[in-house]
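Read off the chains here:
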Amino acid sequence: MMPKLNSYEAVMARKGEIVKAAVGVDYSEFESGSIAFDYERMMRSTGYSFKDVMEIQRGYAIGNTPLVELKNITALVRKLAKDGFGARIFIKDEAANPSGSFKARRAATSIHHAKRMGYPGAIAATSGNYGAAVASCCAKSGLKCIVVQECYDSRKVGQPEIIEKARKCEALGAEVVQLTVGPELFYTVLRMLEDTGYFNASLYSAFGVIGIETLGWEVAHQCWEQIGKDPDMVVCTNAGGGNLTGTARGLIRAGAKTQVVAASVNLKGLHMASDTQFNKKSFTTGHTGFGMPFSTWPDRSDVPRSAARPLRYMDRYVTVSQGEVFYTTELLARLEGMERGPAGNTSLAAAISLAQELPQSATIVVQETEYTGAGKHGCAQLSFARQNGINVSLGDPKDEVPGESIVLPARPSLLHATDVDLDHMRRSLISHAASTIDHAPTDEDVAFLAAETKTNETFVLGALKQN
Amino acid sequence: MAKKGDWVRIHSVVLQVGERAAAVPDDTKRVPLELWTKGYLQRDASIGDEVSVITRTGRTERGTLIDDAPHYEHSFGDFVPELQRAGDEAFSFLFGGEE
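Quantities reported herein were computed from a predicted structural model and do not represent experimental measurements. (Residues numbered from 1 in each chain as written. Chains lettered and ligands numbered in written order. Predicted model: local features only at pLDDT ≥ 70, side-chain atom pairs only at ≥ 80, totals over all residues.)

Points about the overall build of chain B
A tally of regular secondary structure across chain B gives two helices and four strands. Its helices and strands in sequence order give chain B the pattern β-α-β-β-β-α, from N to C terminus. The C-alpha radius of gyration computed for chain B amounts to 23 Å, which surpasses the reference 13 Å derived for 99 residues by more than 25%, pointing to a less compact arrangement than a globule. A burial count over chain B gives 30% of its 99 residues as buried. Within chain B, contacts between residues separated by at least 24 positions form 51% of all contacts whose residues are at least 6 apart in sequence. (Helix = DSSP H or I, 4+ residues; strand = E, 2+ residues; numbered from the N terminus. Rg over C-alpha atoms; globule rule 2.2 N^0.38 Å. Buried ≥ 20, exposed ≤ 12 C-beta atoms within 10 Å, placed from the backbone. Contact = placed C-beta atoms within 7 Å.)

Shown next, in the form of C-alpha cells:
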C-alpha cells in the first residue's frame, strides 16, 4: 500500500472518506444531486429518538437545569421602558450542567454513540465550552478524548478565555492540542482522526444538534409550570447555529408558539482567520464572525451537511456590542447574585433591550448561562483587551469600534440591541446555494430553500431572479 | 534538565509559510501554523531539544521541548474600575432611587 501523503491538499482531498469513517454517516444518502437534501431524514438518521436522547442525557447528569426569573433585571427594564412595557425575563441556568454550559447536551449523544459503536475515543475541534463537554462525557464513558483548539497568535499570545477552556479539558482528562490562528485546524483534526480512528464529535452532526432539542423542550415545560403559558420570546446566542436550531426544534416539539430571536456580539470588521486581529477581539464565540457566515452558509462546517441550520428557525436577529455583554455580565452578578461567564450572556444583553419593546404581560426566556473562572471573566477579558491596545471606557456603546474600543454603557438606558436585516441574510443563503449548481434550481430546490430560510416559494423565486 | 517520564510541553510547526491554505488572509499566510501539546518525555533532554512525548491518549508527538511540568498562569486579570463603576451605577439606579 502506498504511504498516505500528508500535505494540506492531499489530506483535504480525502476529507470525505475520513469524515465518513469518523462519524459513521454516509451523507450521500440524503442528497438529491442538486441544492436540496433531506434534512429531516438526516436528523432522524442517528437512530436515537427524543426519549432516547433525554435518557442518555440523564445518564450523564445533563439537563433539567433551573429556569430562574430575573426579577431585579426585569424591574430595571421596567424603569427604562415606557408605561406598561417591560417583559418578565427568565434565564435557563445551563452553567449547572456538569461541564458548565449547554454544550454538554451537544456532546452527550455523540459520546454515547461513539462508546456504543466501539470507537476508542473522540476528537472535538473547538476553542469553546464544547471541549469541556466532550471531555466530561468521555470521562464518564471511559473513552479517550482529544480537543483541538485555535488558541494563539504568531506572537504566542493566547486568548485567556481559550486557555481556561484548555485547563478545564485537561482537568476532565482530555489531551489538548493548541494551534495558532487559521482554518487549517480542520486539516490537523482530519490527520488526527485518520491516525487514531477516533469518533469525530462534530458540533454540526445530527448527534450534536438533536441533544439541544431537550433545552427547548425543557424551556416550554418549565414556562408552563411557572407561568402557565408559552414564552413569548426565546433569545439564543448565535455562533455556529446549533444552539438556536436545537432550541427552536425543541420548542416546536413541545408545541410552543414562541418567537425565536438570535443574538450575536458585533465583531464587524474583524477577520476571524487573521493572525494580527485574533487578539483584538474580546469574545471568542457567540459573535457575528461565526454567526453571520454560518447562518447564510451552514455547510462550511466539518461535516458535509450541517445539522445546524439557524435560518430555518430564526424570526429575528439582533447584535449587541462587546461592552454591552460585559456590562450585562456585571448586572447579572450585581443585581441577581449570579456570577456567570460573559459569552453566554450575549442573549441576556439582547433580552434587556428586547424586553422594553414587549408589554409587562409578556415573557422572554434567555436560554443559557455558562460557567465563569480565571480567563473567562469580565476583568480577565477586559484587562487582556487593554494589553492588546483596545481602549476600554464607559460611555455610549454605539460608539464602540470592534478591534479598537470597548464601551461599557455608562447608564442602563444606553444598552440597545440592533436588528440585522434578516431578509438580506436569507437572500444571501439562496444566492450561495444557487452558485453551487450549474443548472436552474429545480422545484424541489425552491421548496427546500423556502424551508431553509423560513420564507415561501415567492420569496425564493424573487431572490433567485435578483441573483 | 528534564528527565525521561517527566510531564512536558512541546511545540512544533504543522504547516510552513509556503504550505498554508489558499484562503487564509495575507497576514496569516506570512506565519507558520504552530502546535503545542503535552506528554510524557521519552528521554532525558534540555529545554530547546527536539524530543518525543507520549500524550495522554497514547499518541507519539515530536517537537521542541519548551516546558517541564507546565502549569497554568491565566488569571482574573487586573482591576477594571469601569466595570465596578457600571455595576455600582446600575445598583443605585435600581435600589437607591437615583435617576
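A look at the nonpolar core
Ile89(A), Ala122(A), Val134(A) and Val235(A) are the most contacted members of the largest nonpolar core, which totals 148 residues. The greatest single-element share of this core, amounting to seven residues, is contributed by helix H7 (residues 130-141) of chain A. Built from parts of two domains, this core gets at least three residues from each of domain 1 (60-420) and domain 2 (422-466) of chain A. Excluding residues within four positions of it along the chain, Ala122(A) makes contact with Ser110(A), Ile111(A), Ala114(A), Val134(A), Cys138(A), Leu143(A), Cys145(A), Tyr198(A), Phe199(A) and Ala201(A). Counting seven residues, the second-largest nonpolar core is a separate cluster that includes Val8(B), Val51(B), Val53(B) and Leu65(B). (Core = buried A, V, L, I, M, F, W, Y, C linked by C-beta atoms within 7 Å. Domains from an automatic or database assignment.)

Brief notes about helix H14 (residues 322-336) of chain A
All names here are of chain A. For H14, spanning 15 residues, the distance from its first C-alpha to its last is 21 Å, which sits close to the expected 21 Å at 1.5 Å a residue. Of all 15 residues in H14, 13 are buried; the element is thus mostly enclosed. Once H14 ends, the next one or two residues include Gly337, with phi positive near 70°. (Expected span 1.5 Å × (residues − 1).)

Things to note about the packing of H14(A) against helix H2 (residues 81-95) of chain B
It is at 9 Å that the axes of H14(A) and H2(B) come closest, and there the two elements cross at 55°. In terms of their interaxial angle, H14(A) and H2(B) are classed as oblique. With respect to the hand of their crossing, H14(A) and H2(B) are arranged in right-handed fashion. Of H2(B), the residues touching H14(A) (which contributes Phe326(A), Tyr327(A), Glu330(A), Leu331(A), Arg334(A) and Leu335(A)) are Leu83(B), Ala86(B), Gly87(B), Ala90(B), Phe91(B) and Leu94(B). When the residues that make up the contact of H14(A) with H2(B) are grouped by side-chain class, the tally is nine nonpolar, one polar and two charged. (Axes fitted to C-alpha atoms, helices over the stretch in contact; angles between N-to-C directions. Parallel < 35°, antiparallel > 145°, perpendicular 65-115°, else oblique. Left-handed = near helix turned anticlockwise from the far one by under 90°. Nonpolar A, V, L, I, M, F, W, Y, C, P; charged D, E, K, R; others polar.)

A few points about the domain arrangement of chain A
All names here are of chain A. By the assigned domains, chain A splits into domain 1 (60-420) and domain 2 (422-466). Each of domain 1 and domain 2 has a C-alpha centre, and the two are 28 Å apart. Contacts between the two partners involve 11 residues from domain 1, matched on the other side by 10 residues from domain 2. When contributions to the side of domain 1 that touches domain 2 are tallied by element, the ones reaching two or more residues are helix H13 (288-296) and strand S9 (316-320). Residue composition of the side of domain 1 that touches domain 2, by class: six nonpolar, two polar and three charged.

Observations regarding the pairing of strand S4 (residues 144-152) of chain A
Residue and element names in this part refer to chain A. Counted residue by residue, S4 has nine buried out of nine residues, so it is predominantly covered. Taken together, the five bridges between strand S3 (residues 121-125) and S4 define a ladder with parallel strand orientation. Its bridge partner being in S4, Ala125 is matched across the sheet by Val148. Between S3 and its parallel partner S4, the chain crosses via H7, and the hand of that crossover is right-handed. Two elements, S4 and strand S5 (residues 175-180), share six bridges in a ladder whose sense is parallel. Bridge pairing in S5 links Glu150 to Leu179. Read from S4 through helix H8 (residues 160-171) to S5, the crossover connection turns out right-handed. (Pairing = 2+ DSSP bridges. Right-handed = clockwise from strand over helix to strand, strands pointing away.)

Structural notes on helix H11 (residues 213-227) of chain A
Residue and element names in this part refer to chain A. With 15 residues, H11 extends 21 Å from end C-alpha to end C-alpha; this agrees with the ideal 21 Å at 1.5 Å per step. Taken together, the buried positions of H11 are Glu213, Thr214, Leu215, Gly216, Trp217, Glu218, Val219, Ala220 and Cys223. A positive backbone phi angle near 75° is found at Gly228, which sits one or two residues after H11.

Observations concerning the sheet that holds strand S10 (residues 363-366) of chain A
Residue and element names in this part refer to chain A. Ordered in space as S1-S2-S10-S7-S8-S9-S13, the seven strands form an open sheet in which the pairing is mixed. Each edge of the open sheet is held by one strand with a lone partner, namely strand S1 (67-69) and strand S13 (418-419). Pairing analysis gives five bridges linking strand S7 (residues 233-237) to strand S8 (residues 259-265), with the strands arranged parallel. If you follow Val235 over to S8, its bridge partner there is Val261.

Considering the pairing of strand S2 (residues 88-92) of chain A
Residue and element names in this part refer to chain A. Extensive coverage of S2 is indicated by the burial of five of its five residues. By the alternation rule, side chains of S2 split into Arg88, Phe90 and Lys92 and Ile89 and Ile91, which are all buried. Direction of pairing for S1 relative to S2: antiparallel, over a ladder of three bridges. Across the sheet, residue Val68 finds its bridge partner in S2, namely Ile91. With four bridges connecting them, S2 and S10 associate as parallel partners. The residue bridging Phe90 from the neighbouring strand is Val365, located in S10.

What to know about the interface of chain A and chain B
Between chain A and chain B, the contact holds 50 residues from the first and 38 residues from the second. In terms of residue class, the side of chain A that touches chain B is built from 25 nonpolar, 16 polar and nine charged. In terms of strand pairing, S5(A) meets strand S2 (residues 33-41) of chain B through two bridges, oriented antiparallel. Within the sheet, the bridge partner assigned to Gln178(A) lies in S2(B) and is Trp36(B).

Points about the environment of Glu19(B)
Along the chain, Glu19(B) turns up in the loop between strand S1 (7-15) and helix H1 (26-29). C-alpha of Glu19(B) to C-alpha of Leu33(B): the two residues are 14 residues apart in sequence and 9.1 Å apart in space.

Digging into unusual backbone geometry
Outside of glycine, negative phi angles account for most residues, and trans bonds account for most peptide bonds. All names here are of chain A. One non-glycine residue with positive phi stands out, namely Asn64, at about 50°. Residue classification places Asn64 among the partly exposed residues on the basis of 14 C-beta atoms within 10 Å. Positive phi is not limited to glycine here, since Lys156 has a value of about 70°. By secondary structure assignment, the location of Lys156 is in the loop between S4 and H8.

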